[in-house]
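# Overview (structure and organization)
Listed below, chain by chain, are the residues.
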Amino acid sequence: MASLLLPSPTPSSSTSPCSSLSSSLFSRSSLSHRCFLANACPSRIFLPHVVKCGLSEPLNGKPCVPILNDGTLSKFLESKRLESAVNRSSTRLKIFSGTSNPSLSKEIAWYMGLDLGRIKIKRFADGEIYVQLQESVRGCDVYLVQPTCPPANENLMELLIMIDACRRASAKNITAVIPYFGYARADRKTQGRESIAAKLVANLITEAGADRVLACDLHSGQSMGYFDIPVDHVYCQPVILDYLASKTICSNDLVVVSPDVGGVARARAFAKKLSDAPLAIVDKRRYGHNLAEVMNLIGDVKGKVAVMVDDMIDTAGTIAKGAALLHDEGAREVYACSTHAVFSPPAVERLSSGLFQEVIITNTIPVMEKNYFPQLTVLSVANLLGETIWRVHDDCSVSSIFQ
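This section reports on the structure supplied with the text. Because the structure is predicted, anything quoted here is derived from the model rather than measured. Along each chain, numbering runs from 1 in the same order as the chain's sequence is written. In keeping with the model being predicted, local features are shown solely for residues with a pLDDT of at least 70 and side-chain atom pairs are shown and tallied solely at 80 or more, while totals for entire chains, interfaces and linings include all residues. Side-chain numbers here rest on the full set of heavy atoms in the structure, without hydrogens or water.

### What to know about the sheet that holds strand E9 (residues 231-234)
Stated precisely, the cut-off is as follows: Should DSSP find at least two bridges between two strands, the strands are regarded as paired. In this text, helices come from DSSP runs of H or I with a minimum length of four residues, and strands from runs of E with a minimum of two, each type numbered from the N-terminal end. The axes are straight lines fitted to the C-alpha atoms, using for helices just the contacting stretch, and the angles between their N-to-C directions are given from 0 to 180°. Any two residues having at least one pair of non-hydrogen atoms within 4.5 Å are treated as being in contact.
Strands sit in the order E3-E6-E7-E8-E9 across an open sheet of five strands; the sheet is parallel. The sheet terminates laterally at strand E3 (93-97) and E9, the two strands that pair on one side only. Each strand axis lies, on average, 20 degrees off the axis of its neighbour in the sheet, ignoring direction. Pairing of strand E8 (residues 212-216) with E9, which is carried by four bridges, proceeds in the parallel orientation. Following the sheet pairing, Cys216 is matched in E9 by Val234. Sheet strands touched by helix H3 (residues 102-112): E3 and strand E6 (141-145). Its angle to E3, the strand with the most contacts, is close to 160 degrees.

Next up, the structure:
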């Protein structure tokens, strides 16, 4: 019986730097197993090493997360980190972290073999934000890691002030690394007299002084066009695909489900890389913000393992009602896969109600301990972002990572 658990492919060495295919962090196989390849860019030396999710089983209801205790990382983050490090004294690359997701920033820096830059961020009594860089960035390529997750306005303002501080400190290039781009859903007018907040936020980031934006799984691709500066769009699918490929699920039993019509393109791309699995679509009607009503199902899920794919889980209304419909239509198991775990109430109650075999998310947004539940699995995107930062810094192809 065909299984998703296949042997990892043997990495092949490449002597041509920055090759659009062979320099990929992940090499293609039929089920999207990925391996780290040698000589991805000229300024670093890589040794062949299999990149694989090595996450432990959930313990006491807590999710699977990479741990940085005693200088150790999960297998998925190791990737010969020391071999990929550059001479710290000669690099002009600096990474600074905001306060919204410092653990992800530490993992990115650990993967890259660098130390986080020293920065002082504090709040005054009246709520104003103060930022001071505590080391020189003159002539450096600076990367600021700050998802604009809840509280979105606080974190966005902090990012803008960090950018301004770097600009006034004479940084050569400033890249805003935004794993989760808040306001991305306000990307168009659906009614009269509405704002397009995604465009406004893009303007604010640009005017603050950013030279480039690096974002993960934007709600819609059109958001890239709102920026007047280059945008590198990082897809986190390889991380989730690699984890799913380690599950002992018969490939003939899989069906990928889009929770709404708007996510069909995302689900189709996901299904193509997951053994070209069949696709099903949940047809829903939305009657208000954060409210959804499931109508019917397009496709066959009877007796199959359904994998629901979405870019984010907010209140979980859409995905929970979709999962209930899938069970009513005869699905054997339902998995939820999402990049961004916003988890606004009552998301945790809905996700832990028994509808899902497993809820798979990434750490683009930090998950508070009160939101842990037994079915939750958290995968790290640190090495994906770290490799993307290296490629941007080395003027190498970024898109080849996802081929």
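### Let's talk about the packing of aromatic side chains
Each aromatic ring pair is described using two quantities: the centre-to-centre distance and the angle formed by the ring planes. How we decide: Only Phe, Tyr and Trp rings take part, Trp by its six-membered ring, and two of them pair if their centres are within 6.5 Å. Stacked means planes under 30 degrees apart, edge-to-face means over 60, and tilted covers everything else. Here the term buried applies to any residue with accessible area under 20% of the maximum for its type, exposed to any over 50%, and partly exposed to those in between, with areas from a 1.4 Å probe on protein chains only. Throughout this description, the term charge over a ring refers to an Arg CZ or Lys NZ atom that lies within 6 Å of the ring centre and within 35 degrees of the ring normal.
Inspection of every chain in the model, using the stated rule, returns three aromatic pairs. When the ring of Phe124 is compared with that of Tyr130, the centres are 5.9 Å apart and the planes differ by 70 degrees; the resulting orientation is edge-to-face. Phe124 gets classed as partly exposed once you look at its relative accessible area, which sits at 37%. By relative accessible area, Tyr130 is classed as partly exposed at 28%. A ring pair is formed by Phe181 and Phe227, whose centres lie 5.7 Å apart and whose planes are at 55 degrees; its orientation type is tilted. Taken together, the residues span a long stretch of sequence, with Phe181 in the loop between strand E7 (173-178) and helix H5 (197-208) and Phe227 in the loop between E8 and E9 at a distance of 46 residues. Given a relative accessible area of 4%, Phe181 falls into the buried group. Using a relative accessible area of 8% as the deciding quantity, one classes Phe227 as buried. The lysine or arginine in question, Lys122, covers the ring of Tyr130, its NZ or CZ lying 5.4 Å from the ring centre.

### Description of the environment of Ile161
Structurally, Ile161 can be placed in helix H4 (residues 152-168). With a relative accessible area of 22%, Ile161 lands in the partly exposed category. When the C-alpha positions of Ile161 and Val131 are compared, they lie 6.7 Å apart, and in sequence the two are 30 residues distant. Setting aside residues no more than four positions away along its own chain, Ile161 makes contact with Ile129 and Val131.

### Considering the environment of Asp300
For clarity, the cut-off: The definition of a polar contact used here is a pair of N or O atoms within 3.5 Å, where within protein one atom must be able to donate a hydrogen and the other to accept one, and adjacent residues in sequence count solely through side-chain atom pairs.
By the secondary structure assignment, Asp300 is in the loop between strand E12 (291-298) and strand E13 (305-313). In this structure, the C-alpha to C-alpha distance between Asp300 and Val257, residues 43 residues apart in sequence, is 10.0 Å. For Asp300, the side chain forms a polar contact with the main-chain nitrogen of Lys302, separated by 3.2 Å.

### Describing the pairing of strand E4 (residues 119-123)
Consecutive residues of a regular strand have side chains that alternate between opposite faces of the sheet. Note that E4 and strand E5 (residues 129-133) share five bridges and pair antiparallel. Paired with Ile121 across the two strands is Val131, which belongs to E5. From the end of E4 to the start of E5, which pair antiparallel, there are five residues, and Gly127 there has a positive phi angle of about 95 degrees.

### As for the side chain of Thr388
Along the polypeptide, Thr388 turns up in helix H10 (residues 382-393). The exposure class assigned to Thr388 is buried, which follows from its relative accessible area of 0%. When neighbours within four sequence positions are excluded, Thr388 is seen to be in contact with Leu214, Val234, Val398 and Ile401.

### Some remarks on the nonpolar core
To keep things clear, this is the line we draw: Buried Ala, Val, Leu, Ile, Met, Phe, Trp, Tyr and Cys residues form a nonpolar core when they are joined through side-chain atoms within 4.5 Å.
In terms of nonpolar packing, the biggest core is built from 44 residues, with Ile108, Met112 and Phe270 touching the most fellow members. Considering every element that reaches this core, the biggest residue donor is H10, with six residues. Those residues in contact with Phe270, other than ones at most four positions away along the chain, are Gln237, Ile240, Leu241, Leu244, Val256, Val307 and Val309.

### What about the pattern of salt bridges?
What counts, and what does not: Here a salt bridge means any side-chain nitrogen of Lys or Arg lying within 4 Å of a carboxyl oxygen belonging to Asp or Glu.
Counted according to the given criterion, the structure contains 14 salt bridges. A salt bridge links Arg266 to Asp310; the shortest N-O distance between them is 3.5 Å. Separated by 44 residues along the polypeptide, Arg266 in helix H7 (residues 264-273) and Asp310 in strand E13 bring together distant segments of the chain. With its nearest N and O atoms 3.8 Å apart, the salt bridge here joins Arg266 to Asp311.

### Details of the pairing of strand E15 (residues 358-362)
The buried fraction of E15 is high, at five of five residues. Where E15 and strand E16 (residues 376-379) come together, four bridges link them in parallel fashion. Bridge pairing in E16 links Val359 to Leu376.

Interpretation in functional terms is not warranted from these geometric data alone.
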